[in-house]
Amino acid sequence: MFELLVPNPVFSVHITAESGAVVTTDRGEVVRWSRVDQTQRYTVQHSTISDTVVDTTLHNDGSSLLLLDASHNVWVSDNTGLSQLNPSSALGGLSRRVSSMFWTAPETQLGDPIKIVSCNDVIFLVGSKGVQRIHGTAITWTTELKPLVSNSCNSLLIIDAVSDRGELKCLVQVDEMLFVVALSSQHTAVPCSVDTSIQLQTDGVGKVKLFLQPGTDVGILYSHSQCHILTLATGVTIPVEVDAGEVICAVLSAGDINLLTKQNGLVKLLVKDVKAAVSNLNISASDGDEYKTVEKKFLGAFKCFLEFNETQEQATLQAILGTEDTDIINKLLSDTGDYLISAAPAADPRWGGSDANLPVTLGLQIDERIRRLKGLLQFVVATGYYDNIVSQENNIAIRLMQFVEKCLVAKMLCSSNCALLRRAINEAAALFKSGESQISSEDIVFSNIKKIEVVYGALAEGQNTVLSSKTESEAVIQDLFSSVEVIQQTFDAVLSWRDQSHQLYNLALKSDTLTWCDTDEIRTMLTAQVHIALETVLNEVDEDGRYQVILVSASLVESVLKLYQGLIERLPPSDNRTANLQTEFERRRDTLIRPFVELKIHQIAFTLAEQFKHFTLLVQLCEETNDMAKLRSLSAAHVGFAEVAYNWYLAQGKESRLLTANVADPKQLSKFLTSQPHLKWIHQLGNKDYSTAGETLAKLGMEEKELLSRKKTLLSISKLSFLADGQEPDSENIRNINRQLETVTHQERMKPEVIENAGLLPDKMAPISCPDLIRLCVGDYNKSLEDIDVKKALDLLQCAAEDEDVSNEQFEKLRLEIWCAVIQRDDWWTRCHLVTPDQIEQTLFYRAVILAYNSGMLVAHFLPTVDQLLSQDSWTQHFSDERQMKQFEYILRSGYEQMSSMGLSLAR
């Protein structure tokens, strides 16, 4: 390392042949660092020329630096020091110091000094009006460029010059146009022909510079804000959008042209060693003159683009081709795509080829096709025509992309040595007719890449044959796995290309578009590969082999599920195929991923399940591995995951885990438990939300229809929750709970004979409503009705009166039902004669009234009037004629009067 300490702004920096450096400044200072004897030590020389530096260049293979100053003086800096150039001394001897002698070019002939260029052993001095050539010891000629460019131009100005393969290329401005003129280093000045002259509008360009890529016809014209790529061979220029701010200069880096910019450093423009891939293309034989004209322009533009395929075209394809006829352009693109994938190898003599510049081996031939097809797609996108071919019914864009995919498949297939695959290729070759006996099966198949999928069918048949034979030799198993692996590699390549080109695919793929990968046959074939690998191969290989089998299987699972996903995402939800395909996808997703769970390969199972949103399996995996942190991270990352987890816990009967696993934040759990009230109250109690928990429990208790014991528990905890919330015992919430609990208590205390007669099980009784409990207490199931039973029925009637769901009409009906049942249990009225007071006291009717009265009940509230009792239609069942009914009324009234005479205020 050495430090460059220069006081003034740097004009140029050059690295010398001996790993030193020469720096010049705007003020004419020259500082040279020279390495000493291959060590890390450097000597430093400081010199100064007498004028401002205009240009510098290396000479003698980098050992010397030539400087041109504003007065046309030429200076030489080498290890011996700094000196002016003496034309009488040989340039080959510039390494020796030239003292006291100098040479000055004729200013009047050259104009303002612009450039000094070293070309082999020749030096060119370039001025604004002419060029001077120095060779050996002689100044051999000076020329003006005006006659060479145009005899009628008004103004001519040399702007820049570069050395290119033994020639000097000058960038010349004539009026408002730019030209490139070649000057031979040997004898003469030769302008570029009209066909290959570079013409460029200069409005607003500013100071334009020329830079050529060594050894090619490729170069750029650039200023501080504009850049155009040019090819001298074709005369084509391509404007380039450089979003890099102010351009400092062009540099060569790793064989590529780069722009050095102030804001973004180096910006690469060209790809290294890109060949003109369509130089020998001839798409059509006879399609009319207009088609041929457009074709010629297309091939020229396409060739140019392939050479500079990292640039962005500004001109539209229609403008380049000079036609708006989309039918012609579409046909041209379609024909080009067909040609690029199907053309016979141009370098293979067996196919009649003779181009020695193109690859011979099969793999490289396929690589060449891939490069051409990708270039064609990029060209269409760069020229703004991609939307047009996407909108066409035949969807040329999809065809071109599928051609690339099939070439990628072919590349993988041709690189495999699998015996099963070789046999499959032989079988596939038989399907394609070929009149050439010298052509191998591989050549035949790979010359029909458009139909490459037929190899999969032949390969699957071969695999089935091996599986049917049940041969378990190591060689057979290895070859079987090799066939699985090559299929996996082909689809890895295809889907990787789709991922890289997803924007193009998204534009081109329509809901009704099916690619060659979207068939059920392909998905089934890929699924079969997974089964072969995991069920047949896995158990027959060693530990290292198992690892490889598992990786290949996981990649295949990813491929087949990606194909499902891509198709489902394209289909509209209303399409009948969408629901069926979604169901099939979910079924296969579980079938394909679950084996990794069973094999305890949890990491791969986790990865695949998360990638394809198999949330149920992810919850199971987290529980199986006890990885609650993973469970919570999944819930945070994926919308809907928490709900799937909650439902899984419910389905597995793990309600406690649902509440304690902390799958998501409490708000999400609360939202889910809205539809699960039997769990929601536990969560609410855990959050000390006692009031809400009490309301939830009260609702659950009131709605409980299956078990009386559960109803009592829910209501009891609800009451405790309200009390824990600080509510008073006489609050409305607690009063409602108490009424419900009172009904539960009455049901629990029913006589065993009633429970048995009603066919109920004491430990499994469902909650019974107040009206039904009343009927059980005084109805036919109670064979030995007593006054205490009537009192219970009246207590239940009181509960019903406080129930908002029981109307006044229902209340009156229940009260009459009770007393009608009581009256019918005594026979004093059936005899139709008066009863003495001492006999009345013995009746159930009387005892029930006295018990209710003594218990504090209001007689007027619980006992109906005589008229209300007589209004019941049920009495007509007991009295066949009106005379009997009159007698019953008489006895009933007399009974009310006798009880009234005993001190009871009865409404009659």
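### Topic: the overall build of the chain
Stage number 1. Scanning the chain from terminus to terminus reveals 35 helices and 23 strands.
Stage number 2. Counting every position in the chain, which comprises 908 residues, the buried fraction comes to 48%.
Stage number 3. When contacts within the chain are restricted to residue pairs at least 6 apart in sequence, long-range pairs at least 24 apart make up 55% of them.

### Some points on the confidence of the model for the chain
Stage number 1. Across the chain, the average pLDDT comes to 77, with 77% of residues at 70 or higher.
Stage number 2. Below pLDDT 50 for its whole length, residues 271–287 participates in 44 contacts with residues either more than four positions away or in separate chains.
Stage number 3. Low pLDDT, under 50, characterises residues 351–357; the predicted model gives this stretch 15 contacts beyond four residues in sequence or across chains.

### Looking at the sheet that holds strand S8 (residues 81–84)
Stage number 1. An order of S5-S6-S7-S8 is seen for the 4 strands of this open sheet, with the pairing classed as antiparallel. The sheet is open, and its two edges are formed by strand S5 (53–59) and S8, each paired on a single side. Adjacent strand axes in the sheet meet at a mean angle of 20 degrees when their direction is disregarded.
Stage number 2. Where S5 meets strand S6 (residues 64–69), 6 bridges bridge the pair, whose relative direction is antiparallel. Paired with His59 across the bridge in S6 is Ser64.

### Re the nonpolar core
Stage number 1. Residues Phe298, Tyr386, Met401, Phe491 and Phe596 are the most contacted members of the largest nonpolar core, which totals 128 residues.
Stage number 2. The next biggest cluster of nonpolar side chains, apart from the first, holds 57 residues, and it includes Cys799, Val806, Val822 and Leu869.

### Some words on unusual backbone geometry
Stage number 1. Phi angles above zero are rare outside glycine, and Lys613 is one such case at about 55 degrees.
Stage number 2. Residues other than glycine seldom take positive phi values, yet Asn626 does so here, at roughly 55 degrees.
Stage number 3. As for its placement among the helices and strands, Asn626 is situated in the loop between helix H18 (615–625) and helix H19 (628–637).
Stage number 4. Judged by its relative accessible area of 59%, Asn626 is exposed.

### A closer look at the pairing of S5
Stage number 1. The element S5 is extensively covered by neighbouring structure, given that 5 of its 7 residues are classed as buried.
Stage number 2. The loop that links S5 with its antiparallel partner S6 comprises 4 residues; one of these, Asn60, has a positive phi angle of about 55 degrees.

### Observations concerning helix H11 (residues 454–469)
Stage number 1. Compared with the 22 Å implied by 1.5 Å per residue over 16 residues, the 23 Å span of H11 between its first and last C-alpha is a close match.
Stage number 2. Within the span of H11, buried status applies to Val455, Tyr456, Ala458, Leu459, Gly462, Gln463 and Val466. Buried residues along H11 cover an arc of 165 degrees about the axis, so they all sit on one side. Residues Glu461, Thr465 and Ser468 are exposed on H11 and point more than 90 degrees away from its buried face.

### Digging into the packing of helix H26 (residues 732–748) against helix H29 (residues 787–801)
Stage number 1. With their axes 10 Å apart at the nearest point, H26 and H29 run at an angle of 160 degrees to one another. Judged by the angle between their axes, H26 and H29 are roughly antiparallel. Viewed along their axes, H26 and H29 form a crossing whose handedness is left-handed. When H26 is examined against H29, the residues Glu742, Thr743 and His746 are found in contact with a partner set consisting of Lys792, Asp795, Leu796 and Cys799.
Stage number 2. For the contact of H26 with H29, the residue count by class is 2 nonpolar, 2 polar and 3 charged.

### Concerning a negative patch on the surface
Stage number 1. Where like charges cluster on the molecular surface, the negative patch consists of Glu474, Asp542, Glu543 and Asp544.
Stage number 2. Structurally, Glu474 can be placed in helix H12 (residues 474–500).

### Here's the deal with the environment of Leu634
Stage number 1. Here Leu634 shows up in helix H19.
Stage number 2. It is 8.5 Å that separates the C-alpha atoms of Leu634 and Leu618, two residues lying 16 residues apart in sequence.
Stage number 3. Ignoring anything within four residues of it in the chain, the contact list for Leu634 reads Glu610, Leu618, Cys622 and Phe641.

### Brief notes about the packing of H11 against H12
Stage number 1. With their axes 11 Å apart at the nearest point, H11 and H12 run at an angle of 155 degrees to one another. Judged on the interaxial angle alone, H12 and H11 are roughly antiparallel. In this structure, the crossing between H11 and H12 has a hand that is left-handed. Of the residues in H12, those in contact with Tyr456, Leu459, Gln463, Val466 and Leu467 of H11 are Val476, Leu480, Ser483, Val484, Val486, Ile487, Thr490 and Phe491.

Cut-off values and rules
Residues numbered from 1 in each chain as written. Predicted model: local features only at pLDDT ≥ 70, side-chain atom pairs only at ≥ 80, totals over all residues. Heavy atoms only, no water. Helix = DSSP H or I, 4+ residues; strand = E, 2+ residues; numbered from the N terminus. Buried < 20%, exposed > 50% of the residue type's maximum accessible area, 1.4 Å probe, protein only. Contact = heavy atoms within 4.5 Å. pLDDT = per-residue confidence, 0-100. Pairing = 2+ DSSP bridges. Axes fitted to C-alpha atoms, helices over the stretch in contact; angles between N-to-C directions. Core = buried A, V, L, I, M, F, W, Y, C linked by side-chain atoms within 4.5 Å. Expected span 1.5 Å × (residues − 1). Arc of directions from axis to C-beta. Parallel < 35°, antiparallel > 145°, perpendicular 65-115°, else oblique. Left-handed = near helix turned anticlockwise from the far one by under 90°. Nonpolar A, V, L, I, M, F, W, Y, C, P; charged D, E, K, R; others polar. Patch = residues over 30% accessible without salt bridge, like charges linked within 9 Å, V, L, I, M, F, W, Y side chains within 5 Å. Areas by Shrake-Rupley, 256 points an atom, 1.4 Å probe, with all protein chains shown as cover. Salt bridge = Lys/Arg side-chain N within 4 Å of Asp/Glu carboxyl O. Lys, Arg positive; Asp, Glu negative; His and termini not counted. Charge placed at Lys NZ, Arg CZ, Asp CG, Glu CD.

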